[in-house]
Amino acid sequence: MDFSFSPEQDQLRTQARSFLEKRYPLARLAEIATSADGWDRASWPELARLGWTGASISEAQGGAGLSFVEEGIVFEELGRALYAGPYFSTVALALPALGCAPDLLAKVASGAFTATFASPAANASGAAVDGRRDGDRWLLRGEADLVPDAGLVEAFVVPARGPDGIGLYLAERRDARPLVRVLDTVDATRRLARVTFEDDDARLLAAPPAAAKIIAATRRRALAALALEAVGVASRALALGVEHAKSREQFGRPIGAYQAVSHKLADTYVETELARSLAYWAAWCIAEDDGEAELAASAAKAYAAEAAVAACERAIQVHGGMGFTWDHPLHRYYKRALWIESFDRSGAAHRADIAQAILGG
Amino acid sequence: MDLRDGPEEAAFRRTLRAWLEAKVPAGLRGFRGWSGPAALALGRDWSKRLAEAGYAGLTWPKEYGGAGRPWRYQALYLEELARAEAPQHLGVIGLGMAGPTIIAHGRPDQKARYLAKILSAEEIWCQGFSEPGSGSDLASVRTRVELVGDHFVVNGQKVWSSYAHIADRCILLGRSATTDEKHEGLTYLIVDMKSPGVEVRPLRQITGEAEFNEIFFTDVEVPKANLLGEVGGGWRVAMTTLSHERGTFGFALAGALDVAVRKLVALARERAGADALVRDRVAREWIDLQALRYTNYRALARLERTGVPGPEGSVAKLRWSEANQRLTKLAIEIIGREAQVADGDGAPAYWRHQQLRSRGNTIEAGTSEILRNIIAERVLGLPRSR
């Protein structure tokens with residue numbers, strides 16, 4: 001029983017934090033969020049060089065041969081820095097399916113390949129994407145809505161309905177196909193898009209029933225990754241609130257001396273720590289393929305997303321009018337927290353799953 | 001990072017679990033408090049058995065009769081006790097507060113005199129810190145401690161003392177000098193509760209029971225040999241007592257919450273299985289329990305590495321108390337009007353009692369307001385509010 005990070009893992013965190021703080025100071029957030037892509041593309045080869053894109057890819061395939069615990073450290077730090085780029089999409093959403101295509105893993109590790117998960121699960125129509133065989137290739141037809149980072153990546157992992165059920169396919173982006181329409185979303189640092197397949201070329205990564213297992217694993221990874229990001233977001237919002245409460249004076253005292261202010265921040269600290277405990281638990285369960293991984297990921301995502309939203313809301317309140325302005329960076333953290341809360345269902349939906357597991361019925 | 005028990009931990013847990021299954025007396029399963037003389041006799045006997053089996057003073061050094069084990073074994077012990085719904089050793093104040101304080105600050109003769117009897121439950125201890133005028137502001141205590149010849153004379157009143165009605169000894173913090181800096185001039189004594197001039201009056205609480213007491217000290221003579229630390233150096237000694245209260249306290253709380261959540265789940269299954277709002281709230285409590293549990297494991301790792309309890313202890317106490325209040329209220333909501341019925345052994349009487357008792361949780365052992373101050377000032381570094 002040892003719930004602590006190793007010296008190497010602590011070092012990874014220190015390295016990640018110092019790299020991201022230098023590279024993405026708060027002052028740069030607005031510039032990146034309002035840029036055409038919403039991503040500083042030049043950062044990607046650096047992330048790869050740091051070993052982050054291939055953290056859990058085996059050394060034989062050019063990765064670092066580490067586990068989801070190390071990836072989790074990176075997710076948390078990226079959330080803390082509000083990194084904009086397809087790390088979540090590639091490493092949390094696409095990587096489990098890309099494991100079926102070893103040739104691509106080396107490219108992910110080297111930073112030469114990015115991907116996202118284009119699932120029709122969020123479609124209002126509920127319609128699926130269909131896969132049709134065409135010689136030794138497959139053709140995809142249909143639509144996937146609200147796909148993260150779709151405008152940034154080289155390829156899409158697509159759960160599509162083939163002759164034997166749902167399989168996982170890989171559609172690489174060539175000549176502006178499939179069609180990607182990036183939506184105007186609240187969080188400009190992680191944009192969503194509608195992806196339309198019109199007999200677009202794809203390769204089969206996993207046929208049913210193996211695909212179902214990969215989809216479930218992807219979902220667990222995504223939820224845990226978002227919980228970790230949420231912890232990063234919450235702790236940065238807390239730090240900003242504390243900093244302001246120490247320096248801003250009213251009635252002759254720093255406002256942090258007033259308990260109406262300090263107790264709000266104490267509550268944020270408590271919730272952030274509890275979210276952190278749940279998120280690390282989930283990360284460990286996923287790294288070890290533990291039997292509790294699914295429940296842990298659900299619990300961590302439900303709790304951490306709500307904690308991050310509340311942390312940002314309290315930090316905005318502590319900042320007073322300044323916290324409500326476009327120029328202050330807090331709203332960008334807030335919008336990421338709201339993004340996390342909305343992705344792959346809200347806390348209430350996860351609690352319903354947990355209730356199902358513990359209460360049955 | 002490994003959340004599984006290691007081989008030695010697993011063996012300890014297995015042995016303890018089997019031992020508990022065989023040894024917990026029927027009358028003590030689902031334990032609710034040491035009230036009544038019959039329960040008390042059972043409690044002393046139970047504590048003695050725990051000590052004989054080597055489960056008292058798990059983290060105490062071997063030279064003082066402890067097991068000299070790392071903190072994690074105390075955590076395992078508390079988890080298994082909760083799982084079996086077995087009561088703790090009757091001498092929790094002695095084991096968790098007085099004993100470690102004597103080990104840290106006591107003279108060899110004091111260690112020889114007191115420690116073994118704490119372990120064996122031959123002597124039960126209570127704590128004389130809070131006063132009617134000094135609750136959260138502990139350094140403002142006014143109980144007078146005067147050195148007269150070869151003994152101290154104690155005059156004053158203490159309050160909220162658990163176990164005082166059955167205790168043999170009391171750790172007492174009193175004022176020996178009036179100083180500008182109120183943390184100075186405090187003196188820490190070991191008081192024999194059988195001394196002339198000590199009077200214990202039980203305090204009836206909103207549950208109708210009396211777990212706490214007032215203690216009145218009228219010209220109580222305490223031998224000079226019962227001084228712990230220096231005259232005027234009592235604050236430092238008291239801080240040792242309070243930091244030990246937070247050591248693995250979180251595990252006892254998570255253990256209690258684990259039992260409560262298990263019972264809540266059973267209640268909801270039986271009476272409100274399909275109600276979506278109830279299901280959501282039960283799931284919330286389950287998540288909070290896991291959050292508390294894993295926060296404890298993080299705190300444990302830090303405690304073992306640094307030897308000092310971190311701020312997570314305050315986090316655990318704060319969240320546990322609020323969770324227990326929410327959870328018990330949810331239970332009586334599920335039960336409905338029947339929860340008004342106070343007698344009987346069934347679920348309604350159990351939850352009614354638990355719900356009323358839970359109102360004390362955010363007050364005892366550090367109010368939620370004080371805990372938030374501690375977090376704000378000591379963890380976040382915010383300016384003092386006073």
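Residues numbered from 1 in each chain as written. Chains lettered and ligands numbered in written order. Predicted model: local features only at pLDDT ≥ 70, side-chain atom pairs only at ≥ 80, totals over all residues. Heavy atoms only, no water.

**Student:** Requested: an account of the interface of chain B and chain A, with residues and values cited.
**Tutor:** Taken together, the contact between chain B and chain A spans 45 residues of the former and 47 residues of the latter. Overall, the association of chain B and chain A removes approximately 4500 Å² of surface from exposure, summing both partners, and the carbon and sulfur fraction of that is 65%. Among the residues of chain B in contact with chain A, B:Met1, B:Arg279 and B:Arg298 are the three that bury the most area, contributing 18% of the side total. Summed over the shared surface of chain B and chain A, the number is six salt bridges. Between A:Asp267 and B:Arg372 there is a salt bridge, and its shortest N-O distance comes to 2.7 Å. If you look at where chain B meets chain A, you find 23 residue pairs in polar contact (both at pLDDT 80 or more). For the side of chain B that touches chain A, the secondary structure elements donating two or more residues are α7 (249-271), α8 (276-306), α9 (312-335) and α11 (368-379) of chain B. Top element by residues in the side of chain B that touches chain A is α8(B). It accounts for 17 residues. (Contact = heavy atoms within 4.5 Å. Buried area = accessible area lost by both parts, 1.4 Å probe. Salt bridge = Lys/Arg side-chain N within 4 Å of Asp/Glu carboxyl O. Polar contact = N/O pair within 3.5 Å; in protein donor to acceptor, adjacent residues only side chain to side chain. Helix = DSSP H or I, 4+ residues; strand = E, 2+ residues; numbered from the N terminus.)

**Student:** So, the domain arrangement of chain B: which residues are in play, and what are the values?
**Tutor:** Often, the extent of an interface is quoted as the loss of accessible area on bringing the components together. All names here are of chain B. Here the domain parsing of chain B yields domain 1 (7-90), domain 2 (125-233) and domain 3 (246-379). Contacts between the two partners involve seven residues from domain 2, matched on the other side by seven residues from domain 3. Summed over both sides, the interface of domain 2 with domain 3 buries roughly 540 Å², with 59% coming from carbon and sulfur. Area buried by domain 2 at its contact with domain 3 is led by Ser136, Ile206 and Thr207, which between them contribute 67% of it. The tally of links from domain 2 across to domain 3 stands at one salt bridge. Of the charged contacts in the structure, one is a salt bridge between Glu211 and Arg357, with a shortest N-O distance of 2.6 Å. Scanning the region where domain 2 abuts domain 3 turns up two residue pairs in polar contact (both at pLDDT 80 or more). Taken together, the residues that form the side of domain 2 that touches domain 3 break down as two nonpolar, three polar and two charged. (Domains from an automatic or database assignment. Nonpolar A, V, L, I, M, F, W, Y, C, P; charged D, E, K, R; others polar.)

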